[in-house]
Amino acid sequence: MKKVVLIWLDAFSDHYLSPDLCPFLWDLSRNCFFSRISPLFAYVGIKHCFELGVPINTHKIWNDHVFTGFHIGNNVQHALFRGLLRFVDKASFSDGLNKILRYALFKVSKVEYGTPHLIPANLIDFFPVPKKSCESKDLYEVLREHGVRYLRKEPKLNRSESAIIRSIPKLLEAYDALFFKLNSLDRLGHEYGPLSDAVKQRVSFFDDMLKKLVGTLDKDAVLIVMSDHGMIPVLRSFDITGFLGNKGFEYGRHYISFVGATYVSFWFRNEKYRDAIVKELDKLEMGRFLTFDDKVRLGLDKIGKEYGEEIFVSEEHNVFFPEFYHVRKPPKGIHGYAFGKYDMPIFLMYGDVSISSKKSKIDFIDVMPTVLRLLDLPISSSVEAKSLV
């Protein structure tokens with residue numbers, strides 16, 4: 001059995017992997033197993049693919065939130081919570097601070113927050129966090145079942161990340177597997193853009209920290225460095241809710257939408273409004289509605305209508321703004337395009353392992369069985385992928 005260290009560098013683009021920007025990882029990628037990961041047009045669904053080893057069409061979770069229906073209305077018991085949420089939103093001078101204060105409020109109120117968001121207070125009850133419906137055991141359930149000692153951490157502050165990486169050699173004395181998701185590159189990429197000095201400095205920071213880490217690892221340890229998506233420069237923004245309002249369509253009366261930066265999920269009051277809204281948006285050049293064939297190609301043809309009766313997606317380098325994650329200023333970098341070609345996430349595995357098959361691209365569902373094989377654990381028949389080792 002190997003000791004496994006998996007470091008998930010949120011938003012590490014394959015564009016960052018260069019001899020100038022991160023020479024150590026560049027060299028390591030040429031002397032150990034390295035592959036790009038096929039991008040997924042998904043959000044929290046990526047995490048479930050990683051943890052369950054099955055595609056989105058199987059576990060049925062795509063976005064960070066689902067729509068409960070026009071008939072739901074606001075929960076009377078949440079009235080005080082919504083009032084406090086409005087106060088926090090109004091008092092915040094930045095989206096980043098707003099999300100931190102929201103996180104604290106949701107936690108104190110024992111309301112599930114999910115991915116940090118800025119969904120308007122009056123819509124909170126309409127868009128809850130989706131629940132796992134797949135019967136397959138996730139990676140961590142399997143580890144607990146077999147008595148594997150593991151630790152998961154996802155620090156909220158940039159300055160915590162260096163301490164976590166430095167602690168790994170000591171932690172391996174007490175644990176068989178470590179899973180750390182580090183989000184600073186994602187935050188910096190959104191705020192400053194993937195070509196910014198802030199992002200380049202953070203990439204170099206990780207390169208240096210990982211170089212020091214590799215020098216401390218024993219022969220029985222395997223290091224996996226991976227990302228969930230890249231980060232694409234934003235060139236243009238478009239207010240889709242304002243556009244529809246100018247065309248005479250009222251949010252809540254004629255339709256409801258979940259507005260992300262690169263997609264908008266729509267639900268309509270009736271077919272009349274659906275046809276009229278689709279007709280107006282079809283005229284736009286910065287995006288289009290997904291067809292059924294698109295959804296098949298993207299592996300989304302079996303998700304439910306709670307993720308949208310229609311899904312309108314933007315072209316690369318375009319974003320919708322304002323939206324449910326950015327309301328004060330548009331992001332300078334973004335990810336999550338339906339048909340993005342700009343960059344890809346990465347997967348790198350360092351250690352004394354035999355690779356079963358070398359592929360130029362792998363899928364997120366390949367990671368879970370690979371971790372199980374490294375730990376000498378059985379892989380369930382429900383897993384729809386094969387180990388890389």
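Heads up: the structure comes first, above all this text.
Since the model is a prediction, treat every value here as computed from it, not as a measurement.

S.K.: Would you mind going over the overall build of the protein in detail, with residue names and values included?
M.R.: When helices and strands are counted, the protein shows 13 helices and 15 strands. Here the C-alpha radius of gyration of the protein, 21 Å, is about what a compact globule of 389 residues would show, namely 21 Å. Expressed as lengths along the three principal axes of its C-alpha atoms, the size of the protein is roughly 65 × 45 × 45 Å. A buried classification covers 56% of the 389 residues belonging to the protein. The contacts of the protein with a sequence gap of at least 6 include a subset with a gap of at least 24, amounting to 75%. Surface exposure of the protein reaches about 17,900 Å², of which carbon and sulfur atoms provide 52%.

S.K.: An account of unusual backbone geometry is needed here, citing residue identities and associated values.
M.R.: In the segment running from Phe 321 into Pro 322, the intervening peptide bond is cis, with an omega of 0°. Mapped onto the secondary structure, Pro 322 falls in the loop between strand E12 (318–320) and strand E13 (333–334). Here the phi dihedral of His 317 falls at roughly 75°; this positive angle occurs in a residue that is not glycine. Counting through the fold element by element, His 317 comes out in the loop between strand E11 (310–314) and E12. One non-glycine residue, Asp 376, lies in the positive phi region at around 60°.

S.K.: Mind laying out the sheet that holds strand E1 (residues 3–9), listing which residues take part and the relevant values?
M.R.: A sheet is described by the order of its strands in space; here seven strands give the open sequence E3-E4-E1-E5-E14-E2-E15, paired in mixed fashion. Of all the strands in the sheet, the pair left with one neighbour each is strand E3 (150–153) and strand E15 (361–362). In the packing of helix H2 (residues 44–52) onto the sheet, the strands contacted are E1, E3 and strand E5 (221–226), and the crossing angle to E1 comes to about 170°. Most of the contacts of helix H7 (residues 159–171) go to strand E4 (residues 177–182), to which it runs at about 175°, and overall it touches E1, E3 and E4.

S.K.: Lay out the pairing of strand E14 (residues 346–350) in plain terms, naming residues and giving numbers.
M.R.: Judged by how many residues are buried, E14 sits mostly within the fold: four of five residues are covered. Sheet topology places strand E2 (residues 33–37) next to E14; four bridges connect them, and they run antiparallel. Paired with Phe 34 across the two strands is Leu 348, which belongs to E14. Of the pairings in the sheet, the one linking E5 to E14 comprises four bridges and is antiparallel in character. Residue pairing across strands places Ile 224 opposite Met 349, the latter belonging to E14.

S.K.: Before we move on, can you summarise the nonpolar core with the specific residues and values?
M.R.: Formed by 89 residues in total, the largest nonpolar core has its most connected members in Phe 41, Trp 62, Phe 127, Leu 143, Phe 266, Leu 281 and Phe 347. Residues in contact with Leu 281, not counting those within four places in the same chain, are Ile 240, Phe 243, Leu 244, Phe 266, Phe 289 and Phe 312.

S.K.: Summarise the packing of H7 against helix H9 (residues 197–214); cite the residues concerned and give the values.
M.R.: Look at H7 against H9: their axes get within 10 Å of each other, and the N-to-C directions meet at 15°. Relative to H9, the element H7 is oriented roughly parallel. The handedness of the crossing between H7 and H9 is right-handed. The residues of H9 that touch H7, namely those facing Glu 161, Ser 162, Ile 165, Arg 166, Ile 168 and Pro 169, are Arg 202, Phe 205, Phe 206, Met 209 and Leu 213. Counted by class, the contact of H7 with H9 contains seven nonpolar, one polar and three charged residues.

Conventions and cut-offs
Residues numbered from 1 in each chain as written. Predicted model: local features only at pLDDT ≥ 70, side-chain atom pairs only at ≥ 80, totals over all residues. Heavy atoms only, no water. Helix = DSSP H or I, 4+ residues; strand = E, 2+ residues; numbered from the N terminus. Rg over C-alpha atoms; globule rule 2.2 N^0.38 Å. Buried < 20%, exposed > 50% of the residue type's maximum accessible area, 1.4 Å probe, protein only. Contact = heavy atoms within 4.5 Å. Areas by Shrake-Rupley, 256 points an atom, 1.4 Å probe, with all protein chains shown as cover. Pairing = 2+ DSSP bridges. Axes fitted to C-alpha atoms, helices over the stretch in contact; angles between N-to-C directions. Core = buried A, V, L, I, M, F, W, Y, C linked by side-chain atoms within 4.5 Å. Parallel < 35°, antiparallel > 145°, perpendicular 65-115°, else oblique. Left-handed = near helix turned anticlockwise from the far one by under 90°. Nonpolar A, V, L, I, M, F, W, Y, C, P; charged D, E, K, R; others polar.

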